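A structural walkthrough
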Amino acid sequence: MDEMTLVFFQQIVKMFLMLLIGFAAVKLRLMPASAGKGLSQVTVAVIRPCAIICAFQVALTRERLLGLGLAILGAFLTHAVLIAVTGLLGRRLRLSPVEQLSMVYSNSGNLLMPLIAASMGQEWVFYTCAYIGVVQLFVWTHGKSTICREPQIDWKRALMNINILAMVTGCLLFCLQISIPAPLGPAMESLGNTLGAASMLSIGISFATLQDLDLRRISRVLGVTFFRLILSPLMMLAIFLLLRLHTLFPSAQQILLITILGAGAPSAVVVTQLAQLYDREIDHASLIGVVTMMCSLVTLPALIWVYGTAAALF
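Residues numbered from 1 in each chain as written. Predicted model: local features only at pLDDT ≥ 70, side-chain atom pairs only at ≥ 80, totals over all residues. Heavy atoms only, no water.

Along the backbone of the protein there are 14 helices and zero strands. What you see in the protein, going N to C, is helices and strands ordered as α-α-α-α-α-α-α-α-α-α-α-α-α-α. Computed over C-alpha atoms, the radius of gyration of the protein comes to 18 Å, within 12% of the 20 Å expected from 2.2 N^0.38 for 314 residues, which places it in the range of a compact globule. C-alpha atoms of the protein, sized along the principal axes, occupy 55 × 50 × 45 Å. The 314 residues of the protein split such that 54% are buried. Taken as a whole, the protein presents about 14,000 Å² of accessible surface, with 67% of it coming from carbon and sulfur. (Helix = DSSP H or I, 4+ residues; strand = E, 2+ residues; numbered from the N terminus. Rg over C-alpha atoms; globule rule 2.2 N^0.38 Å. Buried < 20%, exposed > 50% of the residue type's maximum accessible area, 1.4 Å probe, protein only. Areas by Shrake-Rupley, 256 points an atom, 1.4 Å probe, with all protein chains shown as cover.)

Below, the structure written as structure tokens:
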């Protein structure tokens, strides 16, 4: 196991342990299960926006602009393909809204940011934010519309979402090269650094309330897990290699690795948070999140090896 693969594995284990702490806190009656919804609200409204804005506090260079463009293109392609495929599967397999969203959206913000920082270096987190920004755009438009069963997307309300506004603010600060002054900047950075822990605690708390785990539910969760962790990244890997996007410029291969990892990461914690906020299949969303997190201990390190081997061949 090479160094990058080992670091990814260690980071995933650390975040899974955070999830178990949230689970244990409820089971030991250290906190009520209702704390999960409040924690989700704080994460969505305060912690994640701070993390997004602070990630754009980097120097503006031509290389970063090219990389940002490729990261955004890769993220849009990924979500366009996954939304189309899950839409077809949803009608044939009668997927629930939570199942569809869990197949489309990955834990890019809560897992990918610390993973990339630890394994590739802090400078690569910037490109991770491009992927996260696209995720936020789709989650609060397509995702919210799907889970609330609203055929019409309220674009005005979606674009005024705090996470979308945070992305726009971060981009403006980056383009204008405006630094957030102290003490506000360090305070926001400190809040943003709690994103992974808060999100994992939230899903652990939700998992502690699971009841009536029948075989039919588990079989559907395993199907979602197979698509999210294996089919999704392999589909996007094939598309990127056929388009030869990894050969566009020197750092393109590393940037697309971030996109591939986003496509193959565990199901997004924000799906559980949406389920909590709108009271939709909370138990099912939590179970999918936990199972995909556990299985990613094996699939993500394997995905890094597959990508490296395939990119070298093409």
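Okay, the nonpolar core next. Counting residues in hydrophobic clusters, the biggest one holds 57 residues, and the most contacted among them are Ile-116 and Leu-261. Among the elements that line this core, the one with the most residues is helix α12 (residues 252-264), at eight residues. Filtering out sequence-adjacent residues up to four positions away, Ile-116 remains in contact with Phe-8, Gly-121, Trp-124, Val-125, Thr-128, Ile-258 and Leu-261. (Core = buried A, V, L, I, M, F, W, Y, C linked by side-chain atoms within 4.5 Å. Contact = heavy atoms within 4.5 Å.)

Before going further, it helps to examine helix α2 (residues 35-55). In this model α2 runs 28 Å from its N-terminal to its C-terminal C-alpha over 21 residues, within 8% of the 30 Å that 1.5 Å per residue would give. Largest kink in α2: about 45°, centred on Thr-43. (Expected span 1.5 Å × (residues − 1). Bend = angle between axes of the 7 residues up to and from the residue.)

Inspection of the secondary structure puts Arg-228 in helix α11 (residues 215-243). At 3.2 Å, the side chain of Arg-228 and the backbone oxygen of Met-103 are in polar contact. A polar contact is formed between the side chain of Arg-228 and the backbone oxygen of Ala-263, at a distance of 2.9 Å. (Polar contact = N/O pair within 3.5 Å; in protein donor to acceptor, adjacent residues only side chain to side chain.)

Relative to each other, α2 and helix α9 (residues 184-192) sit at 120°, their axes nearing to 7 Å. Considering their axes alone, α2 and α9 lie oblique with respect to each other. The handedness of the crossing between α2 and α9 comes out as left-handed. Mapping the contact onto sequence places Val-46, Ile-47, Cys-50, Ala-51, Ile-53 and Cys-54 in α2 and Gly-185, Met-188, Glu-189, Leu-191 and Gly-192 in α9. (Axes fitted to C-alpha atoms, helices over the stretch in contact; angles between N-to-C directions. Parallel < 35°, antiparallel > 145°, perpendicular 65-115°, else oblique. Left-handed = near helix turned anticlockwise from the far one by under 90°.)

Quick look at the side chain of His-246 now. Its location among the elements puts His-246 in the loop between α11 and α12. The residues contacting His-246, other than those within four sequence positions of it, are Phe-240, Leu-241, Ala-252, Gln-253, Leu-256, Tyr-307, Ala-311 and Phe-314.

Everything listed is a geometric property; what it means functionally is a separate question.
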